[in-house]
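A closer look at the structure
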Amino acid sequence: MQNGGFRLGCQGPLQSAFQGLWVSKEGLDAAQEKWVEPFVDTSEWEYFDLSCQSRDQTDDKVLHDAVASGKRLGAIFKEPTITPTTEQVKEFGLKKPFGSPNGAMRRGWNGITISRDTIHIPGIKLGFENPVFFERHAVGGEYGASWKGVGKGKVLTTFWPENEKEKPTIVDGRVLHDDESAVVVYDNPLDNVEDLARIFFDRCLEAKIVPYVVTKKTVFKWQEGFWQKMKKVFDAEYKDAYLKAGLLDKTGGELVHLISDAATMQIIRWTGGGFGMACHNYDGDMLTDEVAQVHRSPGFITSNLVGKNEDGSLIKEFEASHGTVADLWHMHLRGEETSMNPLGMVVALLGAMDHAAALNPATQAEVTKFTVSVREAVYEAFRTGNGTRDLTGPQGLTTEQFVDWVADNLAK
Ligand code: NAD
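These numbers were taken from a predicted model, which means no experiment stands behind them.

Attention shifts here to the overall build of the protein. For the protein, the count of helices and strands is 14 helices and 15 strands. Computed over the C-alpha atoms, the radius of gyration of the protein is 22 Å, within 12% of the 22 Å expected from 2.2 N^0.38 for a compact globule of 412 residues. Dimensions of the protein, computed from C-alpha atoms along their principal axes, come out at roughly 70 × 60 × 45 Å. Counting the 412 residues in the protein, one finds 52% classified as buried.

Right under this line is the structure:
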């Protein structure tokens, strides 16, 4: 795909979703045309083009509109987007270095968690035998950091309470001795960790998965709060059910905390799967990329943002965990064959449709029938050796052949 497509969406029956840009014939633009359009009325889907050029032309109004639409509709499908680098700002001739669309959505939808799970194709062993679930805290940490490059001197970080009657507190004071240092300030908001905990523990319990909480709190002492909140919710609301389900048999009957560096090793060793990890924003970003590698391809991982509206209803945004597959896009522009695995994006689009139907149950049975049959048709392609080359090797199908194979199967 080009430099950042997006289709938002989803209200109503088979009239869901959003869009940005399926500009290329890579993957899902063709998939939507051949797998979805013949069967589904998409006329009420709302589309937004979040490419850098479109954001530039609209002075980023398009992103604001997309976030407002998502908040209103509650069910969203999003393609990967680009946060332009300094070089890309020049390359695309942009007015300014636009910020991350994902960050704007996480803030705009009161993002709680980005749930990332392995996708499994019945009948084929990928990296993990059983599902692996991740809950990545959607806010805070390094992504929201401010920083400055400075020289020798002193740094003082002060907290000023909202209530002006309370006295300010010094958070940190330090002396910098180097000619050059990077000074960084960030915070970890903790109010929605309990919501994250409930989403995580509900999901793991339903799928019979052993939950772990991952931090580096032994050294990064400020991460203790995340663990404490997770444990409090677990002990008060979930422990009994987990004990009854036998899911704590291997963890001494307790919720277990894993240090993040130990977690990186376990992800490679625990190829049986059947475990879940909840963690801070940056750890979740890194660890889920590792999961993607063990599980054969970033095309086999979901990435779903869960946020909350003021009325308490959940906003769900579905996407694949991978980026814009820029290398394949450039091969495509050079006229070379590509083999992009669209499964992560397809599962996301179908997930958005399922969620839209859950919000509007009148059509749920009809929607479910469709989404199940598309998922099955894609699985069938992989099962019969007609998969993309990330799984099947050099004899696998090209992007276009794969889309046509599934379309033919759906039409039967
Ligand atoms: P990428 O995930 O696009 O690609 C990494 C590698 O994996 C590439 O070699 C690619 O060909 C391969 N790959 C990824 N998904 C694949 C699939 N479905 N089928 C076959 N091969 C696949 O990551 P990148 O190259 O580091 O990033 C490209 C751009 O995407 C960057 O601008 C980055 O900022 C952006 N990005 C966006 C998101 C998002 O919007 N959610 C996430 C990650 C990266």
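With that settled, consider the site of the ligand. Neighbouring the ligand are 18 residues; Thr81, Gly323, Val325, Asp327 and Asn341 lie closest to it. At 3.4 Å from an oxygen atom of the ligand is found a side-chain nitrogen or oxygen belonging to Asn102. Taken by itself the ligand offers 810 Å² of open surface, and the protein chains cover 65% of this. For the shell around the ligand, the per-class residue count stands at 6 nonpolar, 8 polar and 4 charged.

Now for unusual backbone geometry. One non-glycine residue, Asp59, lies in the positive phi region at around 50 degrees. Tracing the backbone shows Asp59 in the loop between α2 (52-57) and α3 (61-73). Residues other than glycine seldom take positive phi values, yet Val325 does so here, at roughly 45 degrees. Here Val325 shows up in the loop between β15 (314-320) and α10 (326-333).

So, on to the nonpolar core. Among the nonpolar cores identified, the biggest contains 36 residues, and Trp35, Leu343, Val374, Val378, Phe382, Phe402 and Val406 are the most heavily contacted of them. Breaking this core down by element, the ones donating at least two residues are α1 (28-36), α11 (343-359), α12 (364-383) and α14 (399-411). A per-element tally of this core places α11 first, with 9 residues. Leaving out residues up to four positions away in the same chain, Val374 has contacts with Trp35, Val346, Leu350 and Leu410. One finds Phe200, Phe226, Trp227 and Leu248 within the second-largest nonpolar core, a separate group that totals 23 residues.

This part covers a nonpolar patch on the surface. Together, Tyr143, Tyr282 and Met286 line one region of the surface with nonpolar side chains, adding up to about 300 Å² of accessible area. Along the polypeptide, Met286 turns up in helix α9 (residues 281-294).

Here we come to the side chain of Lys217. Tracing the backbone through its elements, the reader meets Lys217 in the loop between β11 (210-215) and α7 (224-244). Looking at Lys217, its side chain comes within polar contact range of the side chain of Glu224, at 3.3 Å. Each residue touching Lys217, except ones within four places of it in the same chain, is listed here: Gln223, Glu224, Trp227 and His257.

What follows covers the packing of α3 against helix α5 (residues 101-108). The N-to-C vectors of α3 and α5 enclose an angle of 40 degrees; their axes lie 10 Å apart at closest approach. Between α3 and α5, the interaxial angle falls into the category oblique. The crossing of α3 and α5 is right-handed. Contacts from Leu63, Val67 and Lys71 in α3 reach Pro101, Ala104, Met105 and Gly108 in α5. Counted by class, the contact of α3 with α5 contains 5 nonpolar, 1 polar and 1 charged residues.

Attention now moves to the pattern of salt bridges. Tallied over the full model, the rule gives 25 salt bridges. In this structure, Asp354 engages Arg375 in a salt bridge whose closest nitrogen and oxygen atoms are separated by 2.9 Å. Placement of Asp354 in helix α11 and of Arg375 in helix α12 is noted, with a sequence separation of 21 residues between them. Judged by relative accessible area, which is 23%, Asp354 ranks as partly exposed. Members of the salt-bridge network, linked through shared partners, are Lys231, Asp235, Lys239 and Glu254.

Along its sequence, the protein is organised into domain 1 (1-123 + 298-412), domain 2 (127-140 + 202-294) and domain 3 (147-185). A separation of 33 Å is found between the C-alpha centroids of domain 2 and domain 3.

Let us look at helix α6 (residues 193-207). Taking 1.5 Å as the rise per residue, α6 with 15 residues should run 21 Å; its terminal C-alpha atoms sit 21 Å apart, in good agreement. Burial in α6 covers these residues: Val193, Leu196, Ala197, Ile199, Phe200, Phe201, Arg203 and Cys204. Lys208 lies just past α6 and shows a positive phi near 55 degrees.

Conventions used here
- Residues numbered from 1 in each chain as written.
- Predicted model: local features only at pLDDT ≥ 70, side-chain atom pairs only at ≥ 80, totals over all residues.
- Heavy atoms only, no water.
- Helix = DSSP H or I, 4+ residues; strand = E, 2+ residues; numbered from the N terminus.
- Rg over C-alpha atoms; globule rule 2.2 N^0.38 Å.
- Buried < 20%, exposed > 50% of the residue type's maximum accessible area, 1.4 Å probe, protein only.
- Near = heavy atom within 4 Å.
- Polar contact = N/O pair within 3.5 Å; in protein donor to acceptor, adjacent residues only side chain to side chain.
- Areas by Shrake-Rupley, 256 points an atom, 1.4 Å probe, with all protein chains shown as cover.
- Nonpolar A, V, L, I, M, F, W, Y, C, P; charged D, E, K, R; others polar.
- Core = buried A, V, L, I, M, F, W, Y, C linked by side-chain atoms within 4.5 Å.
- Contact = heavy atoms within 4.5 Å.
- Patch = residues over 30% accessible without salt bridge, like charges linked within 9 Å, V, L, I, M, F, W, Y side chains within 5 Å.
- Salt bridge = Lys/Arg side-chain N within 4 Å of Asp/Glu carboxyl O.
- Axes fitted to C-alpha atoms, helices over the stretch in contact; angles between N-to-C directions.
- Parallel < 35°, antiparallel > 145°, perpendicular 65-115°, else oblique.
- Left-handed = near helix turned anticlockwise from the far one by under 90°.
- Domains from an automatic or database assignment.
- Expected span 1.5 Å × (residues − 1).

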